[in-house]
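Each chain, written out:
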Amino acid sequence: MKRTLILAASVAMLASTSALAADAVEYVPEAPAAVEMPAAFSWSGPYLGVHGGYGWGDGEALGADGNFDGGRFGAFAGYNWQMSNGFVAGIEGDLNYDWNDDAITATSDFETGFSGSVRGRVGYAMDRTLIFAAGGWTATNVETSGAVEDDDTLHGWTLGAGVDHAFTDNMFGRLEYRYNDYGSGDIGGADVDFDQHVVQVGIGVKF
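Just so it is clear, the structure is predicted and the values come from calculations on it, not from any experiment. (Residues numbered from 1 in each chain as written. Predicted model: local features only at pLDDT ≥ 70, side-chain atom pairs only at ≥ 80, totals over all residues. Heavy atoms only, no water.)

## A short note on the pattern of salt bridges
Stage number 1. One pass over the full model with this rule turns up 11 salt bridges.
Stage number 2. Notably, a salt bridge pairs R119 with D94, separated by 4.0 Å at the nearest N-O pair. Of this pair, R119 sits in strand 4 (residues 108–126) while D94 sits in strand 3 (residues 87–105), and the two are 25 residues apart along the sequence.
Stage number 3. A residue is classified by how much of its surface remains accessible, and R119, at 1% relative accessible area, is buried.
Stage number 4. Salt-bridge contacts for E176 lead to R119; the nearest nitrogen and oxygen are separated by 2.8 Å. Linking E176 in strand 7 (residues 171–187) with R119 in strand 4, this pair joins segments that are 57 residues apart in sequence. An identical accessibility class is assigned to E176 and R119; each is buried.
Stage number 5. Through salt bridges that share partners, E92, D94, R119, R121, D164, R174, E176 and R178 make up one connected network. (Salt bridge = Lys/Arg side-chain N within 4 Å of Asp/Glu carboxyl O. Helix = DSSP H or I, 4+ residues; strand = E, 2+ residues; numbered from the N terminus. Buried < 20%, exposed > 50% of the residue type's maximum accessible area, 1.4 Å probe, protein only.)

Written as structure tokens, this is what we have:
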């Protein structure tokens, strides 16, 4: 009888051990879920935006000098290419309107209105902050009224620098300085020269 009990107990223990071993083999722990790293921000691609600011202009016409200071509002559009080392190259164009005028002579008022430029850009990106310099062609319309009624479009060059900062993946802000040398033109048979310093802020959308 004692042998039978011992044999039965041994069989039960063996069966239990086999079952536990089978469960251990069947249980395979799940692999941890892969954690997706966010994609690095890139300035590459097209963008557009609006800007506004203030310009300090100096003009010369009819043998007299004038100060053409006033507000500015405009729009810009461009395209950037960002390289793996953080350097950025791009091209940008803009169209603006300047509110400025001055009575250079007692009988003639001068003003500049629409202006625009096409500029190449180079810069360096520190993640969402882009420091850039830009330069290229620029032009503006100069008009006189009063004793002489005439206008001309002046063509020249522009050079400046600024910083863009992306608040989101698609929206960025801008602070920029420009120097515009519009060259010379002819109004009423007289030579006209105009140059301008501009500080402006803007907001843009990147696609």
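## Examining a negative patch on the surface
Stage number 1. Side chains of D58, E60, D65, D69, D186, D191 and D193 sit close together on the surface and give a patch of like negative charge.
Stage number 2. Taken together, the elements giving at least two residues each to the negative patch come down to strand 1 (45–61), strand 2 (64–82) and strand 8 (190–206).
Stage number 3. Along the chain, D69 turns up in strand 2. (Patch = residues over 30% accessible without salt bridge, like charges linked within 9 Å, V, L, I, M, F, W, Y side chains within 5 Å. Areas by Shrake-Rupley, 256 points an atom, 1.4 Å probe, with all protein chains shown as cover. Lys, Arg positive; Asp, Glu negative; His and termini not counted. Charge placed at Lys NZ, Arg CZ, Asp CG, Glu CD.)

## Let's talk about the nonpolar core
Stage number 1. A61, A64, F68, I104, F110, V142, L154, Y182, I187, V192 and F194 together form the largest nonpolar core, which totals 11 residues.
Stage number 2. Those elements giving two or more residues to this core turn out to be strand 2, strand 7 and strand 8.
Stage number 3. One finds F76, A125, L130 and A166 within the second-largest nonpolar core, a separate group that totals nine residues. (Core = buried A, V, L, I, M, F, W, Y, C linked by side-chain atoms within 4.5 Å.)

## Digging into the packing of aromatic side chains
Stage number 1. Overall, the coordinates contain 13 aromatic pairs when judged by the stated rule.
Stage number 2. Feature note: the residues F41, W43, Y47, F76 and F172 constitute an aromatic cluster, connected by ring pairs.
Stage number 3. The ring of F132 is capped by R121, whose NZ or CZ atom sits 4.4 Å from the centre of that ring.
Stage number 4. Lying over the aromatic face of F76, R174 brings its terminal NZ or CZ to 4.3 Å of the ring centre. (Phe/Tyr/Trp six-rings, centres within 6.5 Å; stacked < 30°, edge-to-face > 60°. Lys NZ or Arg CZ within 6 Å of the ring centre and 35° of its normal.)

## A look at the side chain of T144
Stage number 1. One can find T144 in strand 5 (residues 129–146).
Stage number 2. Only 3.2 Å separates the side chain of T144 from the backbone oxygen of D109, close enough to count as a polar contact.
Stage number 3. Apart from residues no more than four positions distant in its own chain, T144 is found in contact with S108, D109, F110, E149, D150 and I187. (Polar contact = N/O pair within 3.5 Å; in protein donor to acceptor, adjacent residues only side chain to side chain. Contact = heavy atoms within 4.5 Å.)

## Description of unusual backbone geometry
Among all residues except glycine, the phi angle is most often negative; among peptide bonds, the trans geometry is most common.
Stage number 1. Residue D127 is not a glycine yet carries a positive backbone phi of 60 degrees.
Stage number 2. As for its position among the elements, D127 is in the loop between strand 4 and strand 5.

## Description of the side chain of N96
Stage number 1. Note that N96 resides in strand 3.
Stage number 2. A polar contact of 2.7 Å, which involves the side chain of N96, links it to the side chain of D94.
Stage number 3. Residues in contact with N96, not counting those within four places in the same chain, are H51, R72, F73, G74, A75, G113, F114, S115 and G116.

## Observations regarding empty space enclosed by the protein
Stage number 1. Within this structure, the stated rule accounts for one cavity of 30 Å³ or more.
Stage number 2. Taken as a whole, the largest cavity spans an internal volume of roughly 60 Å³.
Stage number 3. Tallied by class, the residues present in the lining of the largest cavity amount to seven nonpolar, two polar and three charged. (1 Å grid on protein atoms, 1.4 Å probe; cavity = no way out; pocket = protein on both sides within 12 Å on 5 of 7 lines; lining within 4 Å. Points joined across faces, edges and corners; volume = space filled by probe spheres on them. Nonpolar A, V, L, I, M, F, W, Y, C, P; charged D, E, K, R; others polar.)

## Structural notes on the sheet that holds strand 1
Stage number 1. On the basis of which strands lie adjacent, the closed barrel formed by eight strands has the order 1-2-3-4-5-6-7-8 and antiparallel pairing. In this sheet, neighbouring strand axes are inclined to one another by 20 degrees on average, regardless of whether the strands run parallel or antiparallel.
Stage number 2. Bridge count between strand 7 and strand 8: 15 bridges; the pairing is antiparallel. When the sheet's bridge partners are listed, S184 is paired in strand 8 with D193. (Pairing = 2+ DSSP bridges. Axes fitted to C-alpha atoms, helices over the stretch in contact; angles between N-to-C directions.)

## Side note on the confidence of the model for the chain
Stage number 1. Summing up the model confidence of the chain, the mean pLDDT is 86 and the portion of residues at 70 or higher is 82%.
Stage number 2. Per-element confidence in the chain ranges from a low mean pLDDT of 51 for helix 1 (residues 2–26) to a high of 96 for strand 6 (residues 150–166). (pLDDT = per-residue confidence, 0-100.)

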